[in-house]
Amino acid sequence: GVQARAGGGKVGDVNEESAEELHRRTVLGVARAAANFNDLEVVADYTKRLEANFLKEIDAGYPNVRDTEQLRMCAKGLSGVVESFTQASRRSMEELISVILPRARQIVNESVGPRDGGGGGTQGASNFLGGPVLTGGTAAKATSTALDYNLDDAAFELSQISEGYIGRMCSSLDELIEPLRVHLLPKLADDLVIGILGGVSKRLEAAIRKSKFTPLGAISLDSDIRYVMNFAKDRIDSPELKSNVTLCRACPSLARLNQITLLMNVDDLEDALDLISVSKRKGNWDLKLDDAKTLLSLRVDFEGAKVNDLLQVDED
């Protein structure tokens, strides 16, 4: 019996070691893949530095004659090489984002919950390491909420103490992209985060357009979009992208979500018209009037006919 127990322990140890070894190899594979993306960015940077050093040495060590100018033009030819490497790096990241986006969209779909009143499924999205990142079920539903902004007082209070769909979504997105993001150069990691958030924001907007809104629901939307903004800024390295303005400029679909939040939180329809007019003059408004009409009509306290009558102004 002692030998059997000892033997069983060895089998367990072997299985555990095999799982650990598989995880180690997987993480190593991700790191190597990230290194390939980094290489293009590094070689572009070093080629740019080489060009600058050549020009500096030419200016400092050669007389200002015709042959020197030809040498200088030769060195400046490296800028074309830099551009080719930069474009290759950009294409590579775009391809990577396109591979990850379907899973990111699936995470959004599962996080917002069923929109037809049916029960939630148990299918989960996976990160590119193969692990589950989101599962549903009765236990999860007891403590979490789906996307719903048609909130009365009781529902609003419940949303404040329950795990919201935005928190689940961002947690799952972390599991999806973090294993790769941590191995990428800061610029490429930022490109990855912004690219994924762009696709996620579009899917979120489509889901938001299917919900009715009370004034309390609009407040809840504002809280959710702020959560997404903070999630993005916490994972971005560039100081230039740490403000809401620059982040929205880099990710137009996220900017649209912010504009939708502002629009849905107006106290009355006249305020909506003022908001659109002022924002357009500042150059930070992308929503068309038809978009504004559709969105404001989702507010249960706004009459659709009054929305249409008020927004009968020239798009320009």
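In this text, all values refer to a predicted model and were calculated from it rather than measured experimentally. One numbering rule holds for all chains: residues counted from 1, following each sequence as written. At least 70 in pLDDT is required for a residue's local features to be given in this predicted model, at least 80 for side-chain atom pairs to be given and counted, and no such filter applies to totals for whole chains, interfaces and linings, which use all residues. The basis for every side-chain value is the complete set of heavy atoms in the structure, and neither hydrogens nor water enter the calculation.

**What to know about the overall build of the protein**
Right, so step 1: Along the backbone of the protein there are 13 helices and zero strands.
Right, so step 2: Three labels apply to residues, based on accessible area from a 1.4 Å probe with only protein chains included: buried if under 20% of the type maximum, exposed if over 50%, partly exposed otherwise in between. Among the 316 residues that make up the protein, the fraction classed as buried is 38%.
Right, so step 3: Any pair of residues with heavy atoms lying within 4.5 Å of one another is described as a contacting pair. Across the protein, the fraction of contacts at a sequence separation of at least 24, relative to all contacts at a separation of at least 6, is 72%.
Right, so step 4: With residues, only the protein chains shown are counted as cover, and all accessible areas are computed by Shrake-Rupley using a 1.4 Å probe. Surface accessibility of the protein: about 17800 Å² in total, with carbon and sulfur atoms responsible for 53%. Strands here mean DSSP runs of E at least two residues long; helices mean DSSP runs of H or I at least four residues long; both are numbered from the N terminus.

**Observations concerning the packing of aromatic side chains**
Right, so step 1: We call Phe, Tyr and Trp rings a pair once their centres come within 6.5 Å, taking the six-membered ring for Trp, and we label the pair stacked below 30 degrees between planes, edge-to-face above 60, and tilted otherwise. Taken as a whole and assessed by the stated rule, the structure comprises two aromatic pairs.
Right, so step 2: When the centroid spacing of 6.4 Å and the interplanar angle of 75° are considered together, the rings of Tyr149 and Tyr165 count as edge-to-face. Placement of Tyr149 in the loop between α4 (138-143) and α5 (153-161) and of Tyr165 in helix α6 (residues 165-181) is noted, with a sequence separation of 16 residues between them. Tyr165 matches Tyr149 in its accessibility class, with the two residues each being buried.
Right, so step 3: Taking relative accessible area as the criterion, Tyr149 reaches 1% and is therefore assigned buried.
Right, so step 4: Ring-pair connections join several aromatic residues into one group, and the members of that group are Tyr149, Tyr165 and Phe213.
Right, so step 5: For a ring to carry a charge above it, either NZ of a lysine or CZ of an arginine must fall within 6 Å of the ring centroid while also lying within 35 degrees of the normal to the ring plane. If you follow Arg49 out to its NZ or CZ, it ends over the ring of Tyr46, 5.2 Å from the centre.

**Details of the pattern of salt bridges**
Right, so step 1: Think of a salt bridge as a Lys or Arg side-chain nitrogen and an Asp or Glu carboxyl oxygen that are within 4 Å of each other. Summed over the entire model, instances satisfying the criterion amount to 13 salt bridges.
Right, so step 2: Here Asp191 makes a salt bridge to Lys187, at a shortest N to O gap of 3.2 Å. Of the two residues, Asp191 and Lys187 are both situated in helix α7 (residues 186-208); the distance of four residues between them amounts to about one turn of the helix.
Right, so step 3: Judged by relative accessible area, Asp191 falls into the partly exposed class, the value being 28%.

**Points about helix α12 (residues 289-296)**
Right, so step 1: In terms of burial, α12 is largely enclosed, as six of its eight residues are buried.
Right, so step 2: Of the residues making up α12, those classed as buried are Leu289, Asp291, Ala292, Lys293, Leu295 and Leu296.
Right, so step 3: Looking at the packing, one finds that the buried side of α12 touches α10 (252-264), α11 (269-282) and α13 (304-310).

**Thoughts on the side chain of Ser220**
Right, so step 1: Checked against the element boundaries, Ser220 lands in helix α8 (residues 215-234).
Right, so step 2: By relative accessible area, Ser220 is classed as buried at 9%.
Right, so step 3: Among all residues touching Ser220, those that are not within four sequence positions of it are Tyr149, Leu151, Phe156 and Ser159.

**What to know about a negative patch on the surface**
Right, so step 1: A surface patch of like charges, here negative, comprises Asp267, Asp268, Glu270, Asp271 and Asp274.
Right, so step 2: Within the element layout of this structure, Glu270 appears in helix α11. What goes into a patch is any residue over 30% in relative accessible area without a salt bridge, connected to like charges within 9 Å or, for nonpolar side chains (Val, Leu, Ile, Met, Phe, Trp, Tyr), within 5 Å. Charged residues are defined narrowly, with Lys and Arg counted positive, Asp and Glu counted negative, and His plus the chain ends left uncounted. To locate a charge, take NZ of a lysine, CZ of an arginine, CG of an aspartate or CD of a glutamate.

**Quick look at the side chain of Thr47**
Right, so step 1: Topologically, Thr47 is positioned in helix α1 (residues 2-61).
Right, so step 2: Looking at Thr47, the relative accessible area reads 10%, which means it is buried.
Right, so step 3: In protein, a polar contact requires one atom able to donate a hydrogen and another able to accept it; more generally it is a pair of N or O atoms within 3.5 Å, and residues adjacent in sequence count only if both atoms are side-chain atoms. At a separation of 2.7 Å, a polar atom in the side chain of Thr47 contacts the main-chain carbonyl oxygen of Val43.
Right, so step 4: Once you skip the residues sitting within four places of it in the chain, Thr47 turns out to touch Leu78, Val81, Val82 and Phe85.

**Section: the confidence of the model for the protein**
Right, so step 1: pLDDT is a per-residue confidence score from the predictor, ranging from 0 to 100. Overall, the predicted model of the protein reaches an average pLDDT of 82, with 83% of residues at or above 70.
Right, so step 2: This stretch, residues 1-7, has a pLDDT under 50; its non-local contacts, to residues over four places away or in other chains, come to zero contacts.
Right, so step 3: The low-confidence segment residues 115-143 (pLDDT under 50) makes 51 contacts with residues lying over four places distant or belonging to another chain.

**Remarks on the packing of α7 against α10**
Right, so step 1: An axis is simply a line fitted to the C-alpha atoms; with a helix, the fit covers only the stretch in contact. Between two such axes, the angle follows the N-to-C directions and lies from 0 to 180 degrees. At their nearest, the axes of α7 and α10 sit 8 Å apart, and the two run at 35° to each other. From α7, Leu197, Gly198, Ser201, Lys202, Leu204, Glu205 and Ile208 reach across to α10, where they touch Ser253, Leu254, Arg256, Leu257 and Ile260.
Right, so step 2: As a working rule, the residues Ala, Val, Leu, Ile, Met, Phe, Trp, Tyr, Cys and Pro are called nonpolar, Asp, Glu, Lys and Arg charged, and the rest polar, with Gly in that last group. For the contact of α7 with α10, the class distribution of residues is six nonpolar, three polar and three charged.

**Concerning the environment of Ser223**
Right, so step 1: For Ser223, the location among the structural elements is in helix α8.
Right, so step 2: A C-alpha to C-alpha distance of 9.2 Å links Ser223 and Thr261, two positions 38 residues apart in sequence.

**Describing the state of the cysteines**
Right, so step 1: Disulfide: a pair of cysteine sulfur atoms within 2.5 Å of each other. The full count for this structure, using the stated rule, is zero disulfides.
Right, so step 2: Free cysteine: Cys248, not disulfide-bonded; nearest cysteine sulfur from Cys251 at 7.8 Å.

**Re the nonpolar core**
Right, so step 1: Residues enter a nonpolar core if they are buried and are Ala, Val, Leu, Ile, Met, Phe, Trp, Tyr or Cys, with the set joined through side-chain atoms within 4.5 Å. With 68 residues, the main nonpolar core has Met169, Leu192, Ile196 and Leu263 as its most contacted residues.
Right, so step 2: No other element matches the eleven residues that α7 contributes to this core.
Right, so step 3: Ignoring anything within four residues of it in the chain, the contact list for Ile196 reads Ile97, Ile100, Leu101, Ala104, Leu173 and Ile177.

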